[in-house]
Amino acid sequence: MQASRLIVMKRRLTVKWEDFVLAIRLLERAQIWIAILLLPLAAFMLLPLVYLFNHAFKPLHELFLFPPTFIVREPTTGNFAELLALSESTIVPVSRYIFNSIVVTFLSTIAMVVTGAMCAYPLSKHPFPGSKFVLGLIMLALLFATEAVAIPRFIVIQSLGIMNTYLGHVLPLVALPVGVFLLKQFMDQIPNDLMEAAKIDGAREFTIFMRIVIPLVNPAIATISILAFQSAWGNTETSTLFMQEDAMKTLPFYMSTLTSGLANSVARQGAAAAGALIMFIPPLVVFIISQRKVIATMAHSGIK
Amino acid sequence: MTGNATALSEKRSSAPAVGTKPSISRRIHGLMIEMWKYRLSYAFIFPFMAMFIIFILIPVVAGVLLSFTYFNAFDFPAWRGWLNYQNLFSQDVVFLQHVLPNSFKFAVFVGPVGYLLAFLLAWLISQLPSTLRTWYALAMYAPSLSAGVAMTVVWTVMFTGDRSGYINSFLLKWGIIDKPVYLLLDQDYLLNIMIVISIWSSMGIGFLAILAGILNVDKQLYEAGKIDGISSRLQEVWYITVPMMKPQMMFAAIMAIVHTIKSGGIGVQLSGSNPTPNYAGQLLLDHIGDYGFIRFELGYASAISIFVLLLCYVLSKFFGFLFAPKEDE
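What counts, and at which threshold
- Residues numbered from 1 in each chain as written.
- Chains lettered and ligands numbered in written order.
- Predicted model: local features only at pLDDT ≥ 70, side-chain atom pairs only at ≥ 80, totals over all residues.
- Heavy atoms only, no water.
- UniProt positions renumbered as here; feature names shortened; annotations may be inferred.
- Helix = DSSP H or I, 4+ residues; strand = E, 2+ residues; numbered from the N terminus.
- Buried < 20%, exposed > 50% of the residue type's maximum accessible area, 1.4 Å probe, protein only.
- Areas by Shrake-Rupley, 256 points an atom, 1.4 Å probe, with all protein chains shown as cover.
- Salt bridge = Lys/Arg side-chain N within 4 Å of Asp/Glu carboxyl O.
- Contact = heavy atoms within 4.5 Å.
- Buried area = accessible area lost by both parts, 1.4 Å probe.
- Polar contact = N/O pair within 3.5 Å; in protein donor to acceptor, adjacent residues only side chain to side chain.
- Nonpolar A, V, L, I, M, F, W, Y, C, P; charged D, E, K, R; others polar.
- Axes fitted to C-alpha atoms, helices over the stretch in contact; angles between N-to-C directions.
- Left-handed = near helix turned anticlockwise from the far one by under 90°.
- Phe/Tyr/Trp six-rings, centres within 6.5 Å; stacked < 30°, edge-to-face > 60°.
- Lys NZ or Arg CZ within 6 Å of the ring centre and 35° of its normal.
- Expected span 1.5 Å × (residues − 1).
- Bend = angle between axes of the 7 residues up to and from the residue.
- pLDDT = per-residue confidence, 0-100.
- Patch = residues over 30% accessible without salt bridge, like charges linked within 9 Å, V, L, I, M, F, W, Y side chains within 5 Å.

As recorded in an unreviewed UniProt entry, chain B goes by the name Sugar ABC transporter permease, listed as coming from Paenibacillus spongiae. You can read under Sequence similarities (unreviewed entry) in the UniProt record for chain B the words "Belongs to the binding-protein-dependent transport system permease family." UniProt annotates chain B under Subcellular location (unreviewed entry) with the comment "Cell membrane".

If you look chain A up in an unreviewed UniProt entry, it shows as Carbohydrate ABC transporter permease from Paenibacillus spongiae. Recorded in UniProt under Subcellular location (unreviewed entry), the annotation for chain A is "Cell membrane". Under the Sequence similarities (unreviewed entry) heading, UniProt states for chain A: "Belongs to the binding-protein-dependent transport system permease family."

Caption draft 1: Spatial organisation of the overall build of chain B. On a plain count of helices and strands, chain B comes out with 16 helices and 2 strands. Put simply, chain B has 329 residues, and 52% of those count as buried. Total accessible area on chain B stands at roughly 16200 Å², and carbon and sulfur atoms take up 66% of it.

Caption draft 2: Region of the structure containing the pattern of salt bridges. All names here are of chain B. Under the defined criterion, the tally for this structure stands at 5 salt bridges over all chains. Ionic pairing is found between Arg295 and Asp290, a salt bridge with its closest N-O pair at 3.0 Å. Look at Arg295 and you get partly exposed, because its relative accessible area is 38%. Note on Asp290: relative accessible area 2%, which makes it buried.

Caption draft 3: Quick peek at unusual backbone geometry. Non-glycine residue A:Asn164 carries a positive phi angle of around 60 degrees. The residue A:Asn164 is located in the loop between helix H7 (150-160) and helix H8 (166-174) in this model.

Caption draft 4: A look at the interface of chain B and chain A. At the junction of the two partners, chain B supplies 100 residues and chain A supplies 101 residues. Counting the surface lost from both chain B and chain A, the interface buries some 8700 Å², and carbon and sulfur atoms represent 81% of this. Three residues, B:Phe44, B:Phe48 and B:Phe55, lead the burial of chain B against chain A; their summed loss comes to 10% of the area buried on that side. At the boundary of chain B with chain A, the tally comes to 0 salt bridges. Applying the counting rule to chain B against chain A returns 5 residue pairs in polar contact (both at pLDDT 80 or more). A per-class count over the side of chain B that touches chain A returns 75 nonpolar, 21 polar and 4 charged.

Caption draft 5: Main features of the packing of helix H5 (residues 93-126) of chain B against helix H13 (residues 246-262) of chain B. Residue and element names in this part refer to chain B. Contact geometry for H5 and H13: axes closest at 10 Å, N-to-C directions at 145 degrees. Crossing angle aside, the handedness with which H5 passes H13 is right-handed. Packed against H5, whose contacting residues are Phe106, Ala107, Val110, Gly111, Tyr115 and Phe119, the element H13 presents Met249, Met250, Ala252, Ala253, Ala256 and Thr260 at the interface. Grouping the constituent residues of the contact of H5 with H13 by class yields 10 nonpolar, 2 polar and no charged.

Caption draft 6: Summary view of the UniProt feature "transmembrane region" (unreviewed entry) in chain A. All names here are of chain A. Here the UniProt-annotated "transmembrane region" (unreviewed entry) positions come out as residues 32-53, 97-121, 133-155, 167-187, 208-233 and 270-289. Helix and strand shares over residues 32-53 are 100% and 0% respectively, and the end C-alpha atoms of the span are 30 Å apart. Along residues 208-233 the backbone is 96% helical and 0% strand, and the end-to-end C-alpha distance reaches 32 Å.

Caption draft 7: Looking closely at the packing of aromatic side chains. Under the counting rule described, the total for this entry stands at 19 aromatic pairs over all chains. With centroids separated by 4.9 Å and ring planes inclined at 65 degrees, the aromatic side chains of A:Phe128 and B:Tyr42 adopt a geometry described as edge-to-face. Remark: B:Tyr42 occurs in helix H3 (residues 39-66) and A:Phe128 occurs in the loop between helix H5 (94-125) and helix H6 (131-141); the pair is interchain, linking two chains. Where B:Phe68 meets B:Tyr85, the ring centres are 5.5 Å apart and the plane angle is 50 degrees; that geometry is what we call tilted. With a gap of 17 residues between them, B:Phe68 in the loop between H3 and strand E1 (69-70) and B:Tyr85 in helix H4 (residues 83-90) connect regions that are remote in the sequence. Classification of B:Phe68 as buried rests on a relative accessible area of 15%. Overall, the relative accessible area of 14% leaves B:Tyr85 in the buried class. Linked through ring pairs, B:Phe68, B:Trp79, B:Trp82 and B:Tyr85 together constitute an aromatic cluster. Lying across the ring of B:Trp36, B:Arg39 places its NZ or CZ 4.6 Å from the centre. Here the guanidinium or amino end of B:Arg295 rests over the ring plane of B:Tyr291, the centre of that ring lying 4.3 Å away.

Caption draft 8: A look at the side chain of B:Ser144. All names here are of chain B. Position of Ser144 relative to the elements: it lies in helix H6 (residues 130-145). A residue is classified by how much of its surface remains accessible, and Ser144, at 17% relative accessible area, is buried. A polar side-chain atom of Ser144 sits 2.9 Å from the main-chain carbonyl oxygen of Tyr141.

Caption draft 9: View of the UniProt feature "transmembrane region" (unreviewed entry) in chain B. All names here are of chain B. Mapped onto this structure's residue numbering, the UniProt feature "transmembrane region" (unreviewed entry) falls at residues 42-71, 106-126, 138-158, 189-217 and 300-324. Spanning residues 42-71, this segment combines 83% helix with 7% strand, and its end C-alpha atoms are found 37 Å apart. Between the C-alpha atoms that bound residues 189-217 the distance is 42 Å, and the span itself is 79% helix and 0% strand.

Caption draft 10: Quick peek at helix H2 (residues 29-56) of chain A. Compared with an ideal rise of 1.5 Å per residue, which puts 28 residues at 40 Å, H2(A) spans 40 Å between its outermost C-alpha atoms and is within 8% of the ideal. Considering bend angle alone, the principal kink of H2(A) is centred on A:Leu46 and spans about 40 degrees; proline A:Pro48 follows within four residues of it.

Caption draft 11: Here's a closer look at the side chain of B:Ser126. Residues and elements named next belong to chain B. Among the structural elements, Ser126 can be located in helix H5. Only 3.5 Å separates the side chain of Ser126 from the side chain of Gln127, close enough to count as a polar contact. In contact with Ser126, not counting residues within four places along its chain, are Arg133, Leu211, Ile214 and Leu215.

Caption draft 12: Spatial organisation of H5(B). Residues and elements named next belong to chain B. Here H5 spans 47 Å end to end across 34 residues, near enough to the 50 Å set by a 1.5 Å rise per residue. Along its length, H5 shows its largest kink, about 30 degrees, at Val99, and proline Pro101 lies within four residues downstream of that point. By the N-cap criterion, in which a side-chain oxygen at the helix start approaches the backbone nitrogen of a residue two or three places on, H5 is capped by Asp92, the distance to Val94 being 3.3 Å.

Caption draft 13: Focus on the confidence of the model for chain B. Residues and elements named next belong to chain B. Per-residue confidence for chain B gives a mean pLDDT of 79; residues scoring 70 or more make up 88%. The weakest mean pLDDT in chain B belongs to helix H1 (residues 2-18) at 45; the strongest belongs to H3 at 90. What the predictor reports for the complex is a pTM of 0.79 with an ipTM of 0.79.

Caption draft 14: Just a nonpolar patch on the surface, in detail. All names here are of chain A. Together, Phe53, Ile281, Val285 and Ile289 make up a nonpolar patch on the protein surface, roughly 350 Å² of accessible area in all. Per-element accounting of the nonpolar patch gives the leading share, 3 residues, to helix H15 (residues 269-300). Within the secondary structure, Ile281 is located in helix H15.

So this is what it looks like as structure tokens:
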């Protein structure tokens, strides 16, 4: 049983390898040169990431070895244990931060995608009075760096009374102008005839939106999901400003408390490395799964 | 939108009292009917616009108002007029001597250099066959996937001040220096290190947009170009690729501006203190953080924020002027 599976696997591998060789043969000379030229650059770009993976599994004595090593020699999961142990001594366990992060990221990603798609649809297909003005506002808000008006936002959150709640994490992130913008560009390319036909068949606005528009802009939805996921997962602003209780803060915030002032200190290096890896893996996985759709979306989102 | 609607209904109720301008009231009536016809559209945009107004529009407006006051987060804001702005440009030595030059240098290197690099890389990658292209694109995009916080771990260890830091270790080995340098605490190096890291992580969504834009250009155009006498690849890029993908380049430019402005905080993360040592890595956003959340001079910090927003706007207009489709094209 296992032998046959091995053979199948091997065959798969060899087929892939042949494909690869074929692909190389088909390359033009210029393409080969470009590929070779870019190889060191790609390696350079990936170097810190490779390092991130290795660093997280290094035992303490390897972390401070001189000369420093790049690849881990005796991999251990000790750093992850240290990260957990470190938080046991404090009031809030790290699992709570991870839980908060997951809840916040999940809720805000969904909220961002749903509200963004709903807003983009009438902007693209129904020229209601004031739609140009709304679109202009959203275009302008593309430039908006939330950090620049952190103070009034703080006051708004305070007066809404949603400090130290999950709402305080999620709501400020919901308005994602880039999302509306990309979706609107994408919906512009859906022919109006399609929707008129549906209307003649008796479909109501909501049905058209759910059954026709959303499936057609699926790649754009995937892209927005990734953008939303990334911005929510890495966000420290809501934790820093709007959450005073430690139990409500998220993983990236906890990471930033671990890492600040790390440059010349020995303590907690291992735990920080482990935490950094935990921070990095989810966005990477999500992106690898859906990267084809992302690139396809970008190609058709021309601002024309 | 709600503000707009109430304003309209007020006008409508006051219009019959005046009685002399029936055309205006009729026009408003017509508009109301029109708006009622599109009530479903308003319902669709409502959730987003509500959040947009509460968390983006109101803060910006409030920020503008606060920037004219003295506000310490406890007492009621006291009106100060243009004083905050006057102080910002005449009294604030740190701002004028460190923050502005730092931000300018940072923006010039990370913005345009990162942008050109993104275009160059995207063009090179687009020349490759599709399997290879995917992997190279992933390699270039991966750094921007990592949340900033996570990466500071890697970078701080790379630039650690004793001999166990990678950079120090290599420099020692090659005999360029003879004792370790406190890279992240030294004002000569901090800003440059920040620039390197930011360029490294700047191949984000803008880069993908450019790559897709290049791939999307109709291949027939290149053939037509060849017939019309385009001889080199460079000419091809300049006369066909760039004009055809202006929308994506515009999008990438806007993203580049926002990314550059948002990169504040990286110096604080690396050196572990705000203000950064000798203000070496102090950027606009760190200055806001310093005044807003350490000294609690919120009015003054708001004035800096408004300056940042205006700067963003002017820069985007400039890029828009560069890349917007011209009338004759």
